[in-house]
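Commentary on secondary and tertiary structure
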Amino acid sequence: MSIRYIKETKQLILETKNTGYHMKIDQLGYLQHMYYGPKPGQDDMSYAFRYYDRGFSGNPYDKRYDRTYSLDSMPQEYTSFGVGDFRINSIAASCSDGSRCAEFRYVSHEIKEGKYSIPGLPSVYENCGKAQTLIVTLKDTAANIGIRLYYGVFEDLDVITRSAEIFNAGEEMVWLRKASSMCLELPYGSWDMMHFHGRHCMERQAERVKLFHGVHTLVSGRGMSSHQHNPFIIICDHDTTEDSGPCYGMMLMYSGNHKTEVELDQFESVRVVMGLNDDRFRWELAPGTSLNTPEVILSYAEGLTQLSHNYHRCIRNNVVKGKFKYSHRPVLVNNWEATYFDFNEEKLLQIAEKAADLGMELFVLDDGWFTNREDDNAGLGDWVVDTNKLPGGLESLISKVKAMGLRFGLWIEPEMISEDSDLYRAHPDWALTAPGRAPMMARNQLVLDLSNPDVHEYLYKTISGLLRDYDIDYIKWDFNRPISDVYSHATPSALQGEVPHRYYLSLYKLYDRLTSEFPDVLFEGCAGGGGRFDAGMLQYSPQIWTSDNTDPVSRLAIQYGTSFGYPCSAMGAHVSASPNHQTGRKTPLSTRGITAMAGSFGYELDLTKLTEEECAEIKEQIKRYKDVEPVVHSGLHYRLSDPSENKGYYCWEHVSEDKSRCLLSIVVTDPQANYTLAHVRLKGLDPNAVYSVGGEFECRGSTLMRNGYTFPQLTGDYPARQLDIIRI
Ligand code: GLA
């Protein structure tokens, strides 16, 4: 049993293989958070919380003569609002009488076999290994608002999921102003926070900060999970390293506007509230209706590496769906950086022919294949093939590509619309634009109002039509601007605050319909590179284009940051041209190959311009990738360098689960004369086994892990090495 209720002490205990999560229903019926961390068995953890008069922290009416009892200091599972807990709250609402307060007390709980699912939203699902669900119902009797707190316990994964369902139990209307997925309290300790910020072309940069008193807020209000703040944080001890020390991961499985608040309060206690962004949010909760919030994936581990492994396993096994979850991802060539908009059938076929010759498996036709798309200023919405560029249409191109033995993939950006399109001329009201206001343009395009069911249906028909009419194996689904001017012309004015979330409910439904109907198509997510790289998208698209920056040296930092929460199999990574188009940097082909092999591998350069030596090297790279892919995608990933130490290299390792094979990779970013050689202690090997190290020498796993491996001197521009360490 992963979930237990201990009647005598009113404890609710969730247990995974290594962790315990304790709650307690207190004397007044508040659901207190007592503990999350290494498994403490059935101990009543309330001993650690002391009641004392905390001066100017008020007391609920029932305890008006007891100044030691205050919501303002009590660790809670989901907070009240407006009644004296002055810290960040999980929820805010207004009632029809104008009141804006509620306090939630325990009503009942239920323990169920299996994992709950969330209507309309992606969530972690049960797969190889059992899960259980706890549902705790809380209610405020004056406002008549109820909350069902959902907990999914994945014992083998060391993962606990959370989501809240807020319901109107009364007879009057309620308007939600904030609806978070969870609140997690860390009453004791001194903590750092790791978060993953960035920008276009430099997503998910790992940053670690010491928490200060006050509230740290990480948000996206851009209508996408964003390049700027990934919905994932880690709270860890000041002393936590890759290998030891407590760390808590919190990942929101959501692709739209999100908000994470981390408060270090007056009593040194930390509260984290995570969920939908409440900025301009307003949800009308009619009597008898409810709102389900997106899921948070929680994990606790000792050491950042173990925490990452927990997330990698969970995403690979229990988030990603469909046949590509474990199977080989085709080595692709994408024409974007080879041609941009300047191509015709002949040029594409030349690239495809070369790709087939080099051993690539999938040809992807990127942006520019449809009418009125000479550049990125027009053409989105109609999705009709441009017969000037492709005189025989997609049919002819696809059949020629297929005749070469390649599969065929197509780029689309379905959520967008250009003003200069037949779709816009027919349905200007289908774009999100505020009345009487010229909208913000980005890439000179607008965003379709997916919250409008007619738009949803149009997109379903268009995309399913493409997939039915043509022999397409892969779709790159792009999204190239933030959402502003959020106003749906199909929605009553009072409900405009629901539009951003309804947009994502509709998008997830669309993805769900298409992936169910076309299970053989591999979907790759994309949003101006990695602007929508999140666990929500990963449910439908097993890989996501990690960044528009294909410079391998920039990619090292991007892939490093991304690896804290997301597995290598999720990261689309391509070898591109040198000098690189984004940075102008020149790098060796081997460095580009080794960096891209740490993801879902492909090429994105004009193959017709390669020299013979480069072609020979690429043939070897592809063979190599096919050989190492199982270790990279299903093995354990270890970060062996920390960029904040400025050692001048990135080093990482992939080890198969059975420890028989290890792939060690290094890229030197700052080669220097007469410098200290890169030396790393290997991780995750079988201590008692003997390994062949790159064919150079043999050594015991324990020695390699204790005494390490010294790389030879690597000189030149950004040199890289990859070696096999194989158990004998
Ligand atoms: C985005 C994508 C690129 C490419 C272009 C096409 O920027 O991230 O990979 O598809 O759009 O316009």
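If you're wondering where the values come from, they're calculated on a predicted model, not measured in any experiment. (Residues numbered from 1 in each chain as written. Predicted model: local features only at pLDDT ≥ 70, side-chain atom pairs only at ≥ 80, totals over all residues. Heavy atoms only, no water.)

Some thoughts on the overall build of the chain
Looking only at helices and strands, one finds 12 helices and 38 strands in the chain. Considering only C-alpha atoms, the chain reaches an extent of 85 × 70 × 45 Å along its principal axes. When the 728 residues of the chain are sorted by exposure, 63% land in the buried category. At a minimum sequence separation of 6, the contacts of the chain that also span at least 24 residues come to 69%. For the chain, the accessible surface area stands at approximately 26,400 Å², while carbon and sulfur atoms represent 48% of it. Within the chain, one finds 74 positive and 97 negative side-chain charges whose respective centroids are separated by 4 Å. (Helix = DSSP H or I, 4+ residues; strand = E, 2+ residues; numbered from the N terminus. Buried < 20%, exposed > 50% of the residue type's maximum accessible area, 1.4 Å probe, protein only. Contact = heavy atoms within 4.5 Å. Areas by Shrake-Rupley, 256 points an atom, 1.4 Å probe, with all protein chains shown as cover. Lys, Arg positive; Asp, Glu negative; His and termini not counted. Charge placed at Lys NZ, Arg CZ, Asp CG, Glu CD.)

Side note on the sheet that holds strand E28 (residues 543-545)
Strand order in this closed barrel of eight strands is E21-E22-E23-E26-E27-E28-E29-E30, and the pairing throughout is parallel. Between one strand axis and the next, the sheet turns through 30° on average, direction left out of account. Across five bridges, the pairing between strand E29 (residues 571-576) and strand E30 (residues 600-604) is parallel. By the bridge assignment, Ala573 is partnered in E30 with Phe601. The strands that helix H9 (residues 552-562) touches are E28 and E29; relative to E29, the one it contacts most, it runs at about 170°. (Pairing = 2+ DSSP bridges. Axes fitted to C-alpha atoms, helices over the stretch in contact; angles between N-to-C directions.)

Side note on the domain arrangement of the chain
In many reports, interface size means the accessible area that the parts give up when they come together. According to the domain assignment, the chain contains domain 1 (3-184 + 276-318), domain 2 (332-633) and domain 3 (639-727). Computed over C-alpha atoms, the centres of domain 1 and domain 3 are 43 Å apart. (Domains from an automatic or database assignment.)

A short note on the environment of Leu12
With respect to the secondary-structure elements, Leu12 resides in strand E2 (residues 11-15). For the pair formed by Leu12 and His22, sequence separation is 10 residues and the distance between their alpha carbons is 5.9 Å. In this structure, Leu12 is in contact with Arg4, Tyr5, Tyr21, His22, Met23, Ile25, Leu31, His109, Leu134 and Val136, ignoring residues within four places of it in sequence.

Some points on the site of the ligand
Among the 13 residues in the neighbourhood of the ligand, the closest are listed as Asp366, Asp367, Lys476, Gly529 and Asp548. One nitrogen or oxygen atom from the side chain of Trp411 is found 3.0 Å from an oxygen atom belonging to the ligand. Contact with the protein chains hides 97% of the accessible area of the ligand, taken as 300 Å² for the molecule alone. Residue composition of the shell around the ligand, by class: four nonpolar, three polar and six charged. (Near = heavy atom within 4 Å. Polar contact = N/O pair within 3.5 Å; in protein donor to acceptor, adjacent residues only side chain to side chain. Nonpolar A, V, L, I, M, F, W, Y, C, P; charged D, E, K, R; others polar.)

Quick look at empty space enclosed by the protein
Across all of its chains, the model carries six cavities of 30 Å³ or more by this definition. There is about 150 Å³ of room inside the largest cavity. Together, 14 residues line the largest cavity, and Leu556, Gln559, Tyr560, His637 and Trp652 are the ones closest to its centre. At the level of secondary structure, the elements contributing two or more residues to the lining of the largest cavity comprise H9, strand E31 (636-639) and strand E32 (649-655). Of the residues belonging to the lining of the largest cavity, the class tally is nine nonpolar, four polar and one charged. (1 Å grid on protein atoms, 1.4 Å probe; cavity = no way out; pocket = protein on both sides within 12 Å on 5 of 7 lines; lining within 4 Å. Points joined across faces, edges and corners; volume = space filled by probe spheres on them.)

Examining the nonpolar core
One finds Met250, Leu365 and Trp369 to be the most contacted residues of the largest nonpolar core, which totals 185 residues. Broken down by element, the residue count for this core peaks at eight residues, all from helix H7 (residues 499-517). In this structure, Leu365 is in contact with Asn335, Phe343, Leu348, Leu390, Leu394, Leu397, Phe408, Gly409, Leu410 and Trp411, ignoring residues within four places of it in sequence. In terms of nonpolar packing, the next biggest core, distinct from the first, is built from 25 residues, Tyr649, Ile666, Cys699 and Ile725 among them. (Core = buried A, V, L, I, M, F, W, Y, C linked by side-chain atoms within 4.5 Å.)

A few points about the packing of helix H6 (residues 453-469) against H7
Their axes nearest at 10 Å, the elements H6 and H7 cross at an angle of 25°. As summarised for this structure, H6 and H7 are arranged roughly parallel, according to the angle between their axes. At the point where H6 passes H7, the crossing takes the right-handed sense. Where H6 abuts H7, its residues His456, Glu457, Leu459, Tyr460, Ile463, Ser464 and Arg468 lie against Ser506, Lys509, Leu510, Arg513, Leu514 and Glu517. Here the residues of the contact of H6 with H7 are counted per class, giving five nonpolar, three polar and five charged. (Parallel < 35°, antiparallel > 145°, perpendicular 65-115°, else oblique. Left-handed = near helix turned anticlockwise from the far one by under 90°.)

Considering the layout of surface pockets
In this structure, the largest pocket spans a volume of roughly 740 Å³. As for the largest pocket, its lining consists of 29 residues, and the residues nearest its centre are Glu242, Leu640, Ser641, Asp642 and Glu645. Where the lining of the largest pocket is concerned, the elements lending two or more residues are strand E12 (202-210), H9, E32 and strand E34 (679-680). Per element, the largest residue contribution to the lining of the largest pocket is four residues, and it comes from E12.

With respect to the pattern of salt bridges
The final tally for this structure, using the stated rule, is 47 salt bridges. Arg532 is the partner of Glu415 in a salt bridge, and the nearest nitrogen-oxygen pair spans 2.8 Å. With Glu415 in the loop between strand E23 (407-412) and strand E24 (416-417) and Arg532 in the loop between strand E27 (522-525) and helix H8 (535-538), this pair connects stretches of sequence that are 117 residues apart. For the pair shown, Glu415 and Arg532 are each scored as buried. Salt bridges sharing partners connect three or more residues here, namely Asp85, Arg87, Glu185, Asp265 and Arg271. (Salt bridge = Lys/Arg side-chain N within 4 Å of Asp/Glu carboxyl O.)

So, helix H3 (residues 345-358)
Think of an α-helix as 3.6 residues a turn; residues three or four steps apart then line up on the same face. Over its 14 residues, H3 runs 20 Å from end to end, which matches the ideal 20 Å to within 8%, given 1.5 Å per residue. Listed in full, the buried residues belonging to H3 are Glu345, Lys347, Leu348, Leu349, Ile351, Ala352, Ala355 and Leu358. Where the residues of H3 are buried, they touch strand E21 (332-334), helix H2 (336-339), strand E22 (362-365), helix H4 (393-403) and helix H11 (612-634). Where H3 ends, the next residue or the one after it, Gly359, has phi of about 105°, a positive value. (Expected span 1.5 Å × (residues − 1).)

Quick word on the sheet that holds strand E33 (residues 661-668)
Taken in spatial order, the six strands of this open sheet run E31-E32-E33-E38-E35-E36, and their pairing is antiparallel. One side of each edge strand has no neighbouring strand; the edge strands of this open sheet are E31 and strand E36 (697-700). When strand polarity is set aside, the average angle formed by the axes of neighbouring strands in this sheet is 20°. With seven bridges joining them, E32 and E33 adopt antiparallel strand pairing. Looking across to E33, one finds that Tyr650 is bridged to Val667. Along the sheet, H11 makes contact with E31, E32, E33 and strand E38 (720-727), crossing E33 at roughly 100°.

Examining the packing of aromatic side chains
Counted by the stated rule, this structure contains 41 aromatic pairs. Ring geometry for Tyr560 against Phe564: centres 5.2 Å apart, planes inclined by 85°, an arrangement best described as edge-to-face. Here the aromatic cluster, defined as three or more aromatic residues joined through ring pairs, consists of Phe196, Phe232, Tyr311, Phe533, Tyr560, Phe564, Tyr566 and Tyr650. One Lys or Arg, Lys321, reaches over the ring of Tyr125 and ends 5.5 Å from the middle of that ring. The ring of Trp545 carries Arg555 above its face, with NZ or CZ at 4.7 Å from the centroid. (Phe/Tyr/Trp six-rings, centres within 6.5 Å; stacked < 30°, edge-to-face > 60°. Lys NZ or Arg CZ within 6 Å of the ring centre and 35° of its normal.)

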